[in-house]
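Listed below, chain by chain, are the residues.
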Amino acid sequence: MAPVLVLWLAVCLSGTWAVDKGNFKTCDQSAFCKRQRALKPGESPYRALLETMELTNTRLTLQLINDNNKVRLLLELYRLQGNITRVKINELKPLKPRYEVPDVLIREPPTEPLSLLSQDENGVVLSLGAESQRVIISARPFRLDIMEGRDVVMSLNSRGLLAFEHLRMRKDTSQADPEAEKKEEADPANQAEAAKEEEDKVEDGMWEETFKSHTDSKPNGPSAISLDFSLPGVEHVYGIPEHADTLRLKTTDNGDPYRLYNLDVFQYELYNPMALYGAVPVMLAHNAQRTTGIFWLNAAETWVDISSNTAGKTVFGKMLDYVQGSSETPQTDVRWISESGIIDVFIMLGPTPKDVFSQYASLTGTQAFPPLSALAYHQCRWNYNDQEDVQSVDAGFDEHDIPYDFIWLDIEHTDGKRYFTWDPHKFATPKEMLQGLVDKKRKMVAIVDPHIKVDTNYKIHNEIQSRGFYIKNKDGGDYEGWCWPGSAGYPDFTRADMRAWWASMFAYDQYEGSMENLYTWNDMNEPSVFNGPEVTMHKDAVHGAWEHRDVHNLYGFYVQMATAEGLIQRSGGVERPFVLTRAFFAGSQRYGAVWTGDNAAEWDHLKISIPMCLSLGLVGISFCGADVGGFFKSPSTELLVRWYQTGAYQPFFRAHAHLDTPRREPWLFGPENTALIREAVRQRYTLMPYWYQQFYHTKHTGEPVMRPLWVEYPQDPATFALDDEFLIGRDLLVHPVTEEGARGVTAYLPGKDEVWFDVQTFQKHNGAQNLYIPITMSSIPVFQRGGSIIPRKLRVRRSSTCMEHDPYTLYVALNPQRTAAGELYIDDGHTFNFEKKEFIHRRLSFANNILSSVNLAPDAQFSTSSWVERILILGASKPSKVTLKTADGQESQLEFDFDASMSVLTLRKPGMNAGADWTVTLQ
């Protein structure tokens, strides 16, 4: 097998920098997708057997029958707290259990009572609590509609594409299991169908499937499921990451569906629906009246088709419809197809974008609250060569006065790709190296991948093997594949006992050379198998009672979960972890950060980082970033500078580069470019209080940190497809420069009664306009919303931890009503003590010429030595005097400057503690 790895590496490391599409399946090459897609919309063979309906306080159950083959399904309908409806469909009597995804929901979702409004032989009508919200179940054919008043919000199976391939015995072979056969014969519902199936031609790929040189034995036969959803009035849908595509999802009628199947896609292509490293089966639909969401809880390979009755119509075509009085309501139809498991779908009914975020968070949890330093700048490459290299890069940042918090080590730091070890020559004294970083209040991340070198002299391998923790192949032996170490085993992270053991390996006495300031990066956890089908694991590999096909998209989620747990446990539950993962699923937000994988040093890859992170934020994963500079190839200096300027305003800010690229530390491109990069990184550091506050907010609400404009301006259609600019929280709008040689950009400033202030010049601009902004190489177009107050720390030091006690500057941007509001959140920056109410959370507001700071958490206890050293009020008029009143009643006059040309009032050294009550009055 060795030559395979050598060949693979040769291809990877040579000059061919493009994805080999032939390595990855199209829908036509994926037998179940091809079968399901061959079903065309029409009359559904399923009908609801209303006489089987049972309604309890918490759920409705009802049998469905397929009139073609007489197989029965069980439909369960739940009304969940918070305006969510759950629909589950499974076989009534499956031959063996079908996989239901565990561990992703944070709890069994609490239900609310359903009540029957009416029933006849055609169907039933149920109330969803709110008087005007109801569910209508039609019997023949089966269809489910969710109504509000007279409007249909969403319909299920309205196009008749519900399909459920029931588990069955294989008829064309003697391998049948006699016990299961007896069970099948005995079940009268199955007899007619057994007869029919004898005649059925077994389609290609139902019982075995070959792709390139790999055969999938499919011991359970066909098991795919599919369901269609219709969204009347909707033209914009979003989500279902990860794809290198626009924010607004495209229709798929003329190509492949969007694919959700975690894969290590080498040098991915842009603007197509191919699967990438992660999969979150959540889609949001939005129009000016309502936002809804669909969460399809299934971890098997999944394809999503999108069609629309307005797709392809030109603006002229739409005008013609209008003039001719054509009354066709726009509608988007979505169809989900998964290879195995059951249908388990959560319909989030909004109605606002923020309601949908809160609904999804109630199911899968919110973004883990990271240590403050993880929001700062990270320096990485494959690879820093040795301890001296680390030391010299670290010194280079100080020498060039560029702050950074984390330096990263890729796979070459280990002893022969054995994770949890160090190369004995290049990293002989890791604790000494880590202590050198501690002394500067800096940290390190080292990679720990989930493929384990098969080597009897390697403790980790021996332990996993002796405990039986490896995933098995279809014949019952340990599954082996090729990855960085050569032959490797893959621990079965779906097992709780395996995860607990893995977590214990991060203890300081187990992970030799590790210290408190060493954190972890999980890469290759799709899982990547160089010699496997589609560079991943065989679907007939075995995880206990289940096949890999059932659990595939969960693997990376479990690896990150176990790693984060390990980092928490090693500190006795005190310290917040930081774990970066490449593969992810719904719920991965609870365990750390993700990045967009192996991008390239090209302008289009810089552009795509924006919609890729926006899409992740919409489905709960706020801590997202892209490799600054591009992983493959070498950026021009202009591209590198623009990427730093963009990355400085994205949640996860890390530079990274491939082994074969020339070094690109920020000071290697001449003093001018060093200065431009330094300025971008310093802007990130000055805004750290605001970033941290946004992450505290998302921890509690599930709202994205980096968000599309339509989230805040849901009734403004001009924002619905924008993905070259974004908001951070509510109050900062960023339009990065992502075009080569650009002399200007046009930014859309939303809000017809709003104003926006350029954060560099303080120039005021009206909302609801496209603003042309002339730019130079130093420009990063960023605007602060009028009506907001943003705290910054302007004394930038070598790391964020060094700035902990530094003073704040408050930027108060007045709206046309001359008011503004904001928050200030402070805690220790790294422990879970905020959960014990050890923090400061204050509301800052300006109204009637009074600026005040009020405690938002009177029951919380924390003290800070930081104070307020400056206040800037943008859009102000000149006062005659300014008075500060502190909590003890003391009053004092403050010095001020007024810039009449820009209407900026600056209050100097007011000097109050950042955690105290105070008011400042302008007279």
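What you see is a predicted model, and the numbers here were worked out from it, not measured in a lab. (Residues numbered from 1 in each chain as written. Predicted model: local features only at pLDDT ≥ 70, side-chain atom pairs only at ≥ 80, totals over all residues. Heavy atoms only, no water.)

Engineer: Is there a simple way to explain the overall build of the chain in this structure?
Structural biologist: Of the regular secondary structure elements, the chain holds 17 helices and 53 strands. Each principal axis of the C-alpha distribution contributes one length, and for the chain these read about 95 × 70 × 55 Å. Taking all 923 residues of the chain together, 62% fall into the buried category. Across the chain, the fraction of contacts at a sequence separation of at least 24, relative to all contacts at a separation of at least 6, is 72%. Separation of charge centres in the chain, based on 93 positive and 121 negative side chains, amounts to 3 Å. (Helix = DSSP H or I, 4+ residues; strand = E, 2+ residues; numbered from the N terminus. Buried < 20%, exposed > 50% of the residue type's maximum accessible area, 1.4 Å probe, protein only. Contact = heavy atoms within 4.5 Å. Lys, Arg positive; Asp, Glu negative; His and termini not counted. Charge placed at Lys NZ, Arg CZ, Asp CG, Glu CD.)

Engineer: Would you explain empty space enclosed by the protein in this entry?
Structural biologist: Counted according to the given criterion, the structure contains 7 cavities of 30 Å³ or more. Reported here for the largest cavity is a volume of approximately 140 Å³. Lys25, Phe211, Asp216, Pro533 and Lys539 are, among the 14 residues lining the largest cavity, the residues nearest its centre. Taken together, the elements giving at least two residues each to the lining of the largest cavity come down to strand S12 (209–211) and strand S13 (214–216). The calculated volume of the second largest cavity comes to roughly 80 Å³. Together, 13 residues line the second largest cavity, and Lys218, Gly221, Pro222, Ser223 and Glu339 are the ones closest to its centre. (1 Å grid on protein atoms, 1.4 Å probe; cavity = no way out; pocket = protein on both sides within 12 Å on 5 of 7 lines; lining within 4 Å. Points joined across faces, edges and corners; volume = space filled by probe spheres on them.)

Engineer: What is the right way to read the state of the cysteines from this model?
Structural biologist: What is meant by a disulfide is a covalent connection between two cysteines, made through their sulfur atoms. Taken as a whole, this structure holds 2 disulfides when the rule is applied. The disulfide partner of Cys613 is Cys624, and the gap between their sulfur atoms is 2.0 Å. In this structure the cystine formed by Cys613 and Cys624 twists about its S-S bond by roughly -75°; its chirality is therefore left-handed. Placement of Cys613 in helix H13 (residues 603–618) and of Cys624 in strand S33 (residues 624–625) is noted, with a sequence separation of 11 residues between them. For Cys624, a relative accessible area of 0% translates into the label buried. Of the cysteine sulfurs around Cys380, a residue in no disulfide, the closest is that of Cys624, at 16 Å. We classify Cys380 as buried; its relative accessible area is 3%. (Disulfide = S-S within 2.5 Å.)

Engineer: Would you take a moment to explain the pattern of salt bridges for this structure?
Structural biologist: Pairing of side chains with opposite charge becomes possible as their charged atoms draw close. One pass over the structure, following the stated rule, counts 58 salt bridges. One salt bridge connects Arg663 with Asp389, and the closest N-O pair in it is separated by 2.9 Å. Within this pair, whereas Arg663 is found in the loop between strand S34 (653–655) and helix H15 (670–686), its partner Asp389 is found in helix H7 (residues 387–399), the two being separated by 274 residues in sequence. Classification of Arg663 as partly exposed rests on a relative accessible area of 30%. Because the salt bridges share partners, they merge into one network encompassing Asp216, Arg259, Glu301, Glu339, Glu534, Lys539, Glu547 and Arg549. (Salt bridge = Lys/Arg side-chain N within 4 Å of Asp/Glu carboxyl O.)

Engineer: Please clarify how the sheet that holds strand S35 (residues 706–707) should be interpreted in this entry.
Structural biologist: Pairing between the strands of a sheet is mediated by backbone hydrogen bonds and can be parallel or antiparallel. As summarised here, the arrangement of the 6 strands in space is S35-S36-S37-S42-S39-S40, forming an open sheet in which the pairing is antiparallel. Looking at the sheet topology across the chains shown, the edges are occupied by S35 and strand S40 (764–766). Relative to strand S42 (residues 782–785), strand S37 (residues 732–734) is paired through 3 bridges, and the arrangement is antiparallel. Counterpart to Leu733 in the pairing with S42 is Phe783. (Pairing = 2+ DSSP bridges.)

Engineer: Got a minute to help me understand the sheet that holds strand S23 (residues 406–409) in this structure?
Structural biologist: The 8 strands lie next to each other as S33-S32-S31-S28-S24-S23-S22-S34, forming an open sheet whose pairing is parallel. Whereas interior strands pair on both sides, the edge strands pair on one side only; in this sheet they are S33 and S34.

Engineer: In this structure, what is going on with the side chain of Gln560? I would like to understand it.
Structural biologist: Secondary-structure assignment places Gln560 in helix H12 (residues 555–570). Residue class for Gln560 comes out buried when judged on its relative accessible area of 0%. In contact with Gln560, other than residues within four places in its own chain, are Asn522, Val579, Thr581, Ser588, Tyr591, Gly592 and Ala593.

Engineer: Would you explain the side chain of Lys443 in this entry?
Structural biologist: Within the secondary structure layout, Lys443 lies in strand S24 (residues 443–447). Here Lys443 sits buried without a salt bridge, and the closest side chain of opposite charge, Asp405, lies 5.0 Å off (N-O distance). Side chain to side chain, Lys443 and Ser373 meet in a polar contact 3.5 Å long. Those residues in contact with Lys443, other than ones at most four positions away along the chain, are Ser373, Asp405, Phe406, Ile407, Leu437, Asn517, Tyr519 and Thr801. (Polar contact = N/O pair within 3.5 Å; in protein donor to acceptor, adjacent residues only side chain to side chain.)

Engineer: Sorry if this is basic, but what is going on with unusual backbone geometry here?
Structural biologist: Outside of glycine, negative phi angles account for most residues, and trans bonds account for most peptide bonds. The linkage connecting Arg140 with the following residue, Pro141, adopts the cis geometry, with an omega of -10°. Tracing the sequence through the fold places Pro141 in the loop between strand S8 (133–138) and strand S9 (143–148). Of note, the bond from Glu526 into Pro527 is cis; its omega dihedral lies within 30 degrees of zero at 5°. Assignment of secondary structure puts Pro527 in the loop between strand S28 (518–522) and strand S29 (542–543). Unusually for a residue other than glycine, Lys218 sits at a positive phi of about 40°. Secondary-structure assignment places Lys218 in the loop between S13 and strand S14 (225–232). Residues other than glycine seldom take positive phi values, yet Gln267 does so here, at roughly 55°. Locating Gln267 in the fold gives a position in the loop between strand S16 (258–260) and strand S17 (282–286). A residue is classified by how much of its surface remains accessible, and Gln267, at 4% relative accessible area, is buried.

Engineer: Would you take a moment to explain the nonpolar core for this structure?
Structural biologist: For soluble globular proteins, nonpolar side chains are generally found buried alongside one another. Counting 177 residues, the largest nonpolar core has Phe295, Trp502, Phe578 and Tyr644 as the members making the most contacts within it. Ignoring any residue separated from it by four or fewer positions in sequence, one finds Phe578 in contact with Pro371, Ala374, His378, Trp408, Val445, Tyr519, Thr520, Leu567, Ala593, Phe623 and Phe652. Leu60, Ala139, Met154 and Met283 belong to the second largest nonpolar core, which has 50 residues in total. (Core = buried A, V, L, I, M, F, W, Y, C linked by side-chain atoms within 4.5 Å.)

Engineer: Just checking my understanding: could you explain the packing of H13 against helix H14 (residues 637–647) for this structure?
Structural biologist: For the pair H13 and H14, the least separation of the axes is 10 Å and the interaxial angle reads 5°. When the interaxial angle is binned, H13 and H14 end up roughly parallel. Touching Trp603, His605 and Leu606 of H13 are Glu638, Leu639, Arg642, Trp643 and Thr646, all from H14. The residue inventory of the contact of H13 with H14, partitioned by class, reads 4 nonpolar, 2 polar and 2 charged. (Axes fitted to C-alpha atoms, helices over the stretch in contact; angles between N-to-C directions. Parallel < 35°, antiparallel > 145°, perpendicular 65-115°, else oblique. Nonpolar A, V, L, I, M, F, W, Y, C, P; charged D, E, K, R; others polar.)

Engineer: In this structure, what is going on with the packing of aromatic side chains? I would like to understand it.
Structural biologist: For any pair of aromatic rings, the description consists of the separation of the ring centres together with the inter-plane angle of the planes. Enumeration over the complete set of coordinates arrives at 51 aromatic pairs. Aromatic pair Phe369 and Tyr692: ring centres 4.8 Å apart, planes at 25°, arrangement stacked. Taken together, the residues span a long stretch of sequence, with Phe369 in the loop between helix H6 (353–364) and strand S22 (377–379) and Tyr692 in helix H16 (residues 688–701) at a distance of 323 residues. Of the two residues, Phe369 and Tyr692, neither departs from the other in class, the shared state being buried. Consider the rings of Tyr377 and Phe397, whose centres lie 6.1 Å apart with planes at 50°: the pair is tilted. With Tyr377 in strand S22 and Phe397 in helix H7, this residue pair connects regions lying 20 residues apart in the sequence. Owing to a relative accessible area of 0%, Tyr377 belongs among the buried residues under this scheme. For Phe397, a relative accessible area of 0% corresponds to the buried category. Through successive ring pairs, a cluster of aromatic residues spans Phe406, Trp408, Tyr519, Trp521, Phe578, Trp595, Phe623, Phe652 and Phe695. The aromatic ring of Tyr519 is capped on one face by Arg570, whose charged end is 5.5 Å from the ring centroid. (Phe/Tyr/Trp six-rings, centres within 6.5 Å; stacked < 30°, edge-to-face > 60°. Lys NZ or Arg CZ within 6 Å of the ring centre and 35° of its normal.)

Engineer: Explain the pairing of strand S26 (residues 480–483) here, please?
Structural biologist: Side chains on a regular strand alternate between the two faces of the sheet. Looking at chain direction, S26 and strand S27 (residues 486–489) are connected through 4 bridges and run antiparallel. Its bridge partner lying in S27, Gly481 is registered against Ala488. Between the antiparallel neighbours S26 and S27 lie 2 residues.

Engineer: For this particular structure, what's the right way to read the pairing of strand S49 (residues 882–886)?
Structural biologist: Where S49 lies against strand S53 (residues 918–922), 5 bridges are found, and the strand directions are antiparallel. Bridging across to S53, Leu884 finds its partner in Val920. Note that S49 and strand S50 (residues 891–893) share 3 bridges and pair antiparallel. Its bridge partner being in S50, Lys885 is matched across the sheet by Glu891. In sequence, S49 turns back onto S50 through a hairpin of 4 residues, with Gly889 there showing a positive phi of about 90°.

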